[in-house]
Each structure stands twice: as structure tokens, then as C-alpha cells.
Amino acid sequence: MTALTRGRLEVVGGCPGADGGVIVWPHGTRFVGDDPLTVEVPGRGRFALGDRISLGGGWIVEHVGGKVPDAPWTFRGQRVPDSCLAHDVFLAGPH
């Protein structure tokens, strides 16, 4: 869990993410706006669609050789929607 992801907040496969990957957000993250999509990350602040973000954590789904995990898929109690599993998934840490 020492990787870094960065990019612009975007919708990836119907899920919020960045740089083409889906993000499983840290505990306590809240979605505070719809137009534009805005997330509030504990200790990091608010980010709206198109804002640059940088988060530490690690990749929990990487599509090496085109392999996609079986759906439904849950990691640490958080279900990743089936439509999002077509993309790499990054688990963001609390800091």
C-alpha cells in the first residue's frame, strides 16, 4: 500500500476515479455534490469533477493480460460495482 495515484477526478465505468482507474475511497469519504460530482476526503478536502487529485494506497485490481475479476466483487466490505471492474481499481489510504 505504498503506491500513488494521481490525475483528474473523473467518472470511470460509472464510478468515481482518476487517470482511467476506479478509486475505492478512504473510510469517511462523502459525496457532497452532484453538479459537478464533488467528494470530500477526510484530511484532504473537497474535489470536484476535473480537479487534480493525488492519493496514496495501492492497486487491488490490475488487468494484467485482460483478466477481469468475477463479479460481484467485494474488498474489505466495500462492493465494487460490476461496471467498474472492467477498469483497474485503486484502494486509497487514509493519508
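Residues numbered from 1 in each chain as written. Predicted model: local features only at pLDDT ≥ 70, side-chain atom pairs only at ≥ 80, totals over all residues. Heavy atoms only, no water.

**Student:** Describe the sheet that holds strand β4 (residues 30-34), listing the residues and the values that go with them.
**Tutor:** Whether parallel or antiparallel, the strands of a sheet pair through hydrogen bonds between backbone atoms. Reading across the sheet, the three strands line up as β4-β5-β6 and stay open at both edges, with antiparallel pairing between neighbours. Looking along the sheet, the strands with just one partner apiece sit at the ends: β4 and β6 (45-48). Here the average twist between neighbouring strands, direction ignored, is 25°. Pairing of β4 with strand β5 (residues 37-41) involves four bridges; the strand directions are antiparallel. Across the sheet, the residue bridging to Gly 33 is Thr 38, located in β5. (Pairing = 2+ DSSP bridges. Helix = DSSP H or I, 4+ residues; strand = E, 2+ residues; numbered from the N terminus. Axes fitted to C-alpha atoms, helices over the stretch in contact; angles between N-to-C directions.)

**Student:** Explain the pairing of strand β2 (residues 15-18) to me, and be specific about the residues and the numbers.
**Tutor:** Look at any regular strand and the pattern is simple: side chains alternate between the two faces of the sheet. Of the two faces of β2, the one holding Cys 15 and Gly 17 and the one holding Pro 16 and Ala 18 are both buried throughout. Bridge count for strand β1 (residues 3-12) against β2 is four bridges, and the pairing is antiparallel. Each bridged residue has a counterpart across the sheet, and for Leu 9 the counterpart in β2 is Ala 18. Count of turn residues in the β1/β2 antiparallel hairpin: two residues, of which Gly 13 carries a positive phi of about 60°. Pairing of β2 with strand β3 (residues 21-24), which is carried by two bridges, proceeds in the antiparallel orientation. Across the sheet, Gly 17 pairs through a bridge with Val 22, a residue of β3. Between the end of β2 and the start of β3, which pair antiparallel, lie two residues, with Asp 19 showing a positive phi angle near 55°. (Buried < 20%, exposed > 50% of the residue type's maximum accessible area, 1.4 Å probe, protein only.)

Interpretation note: all reported values are geometric properties and have no functional meaning in isolation.
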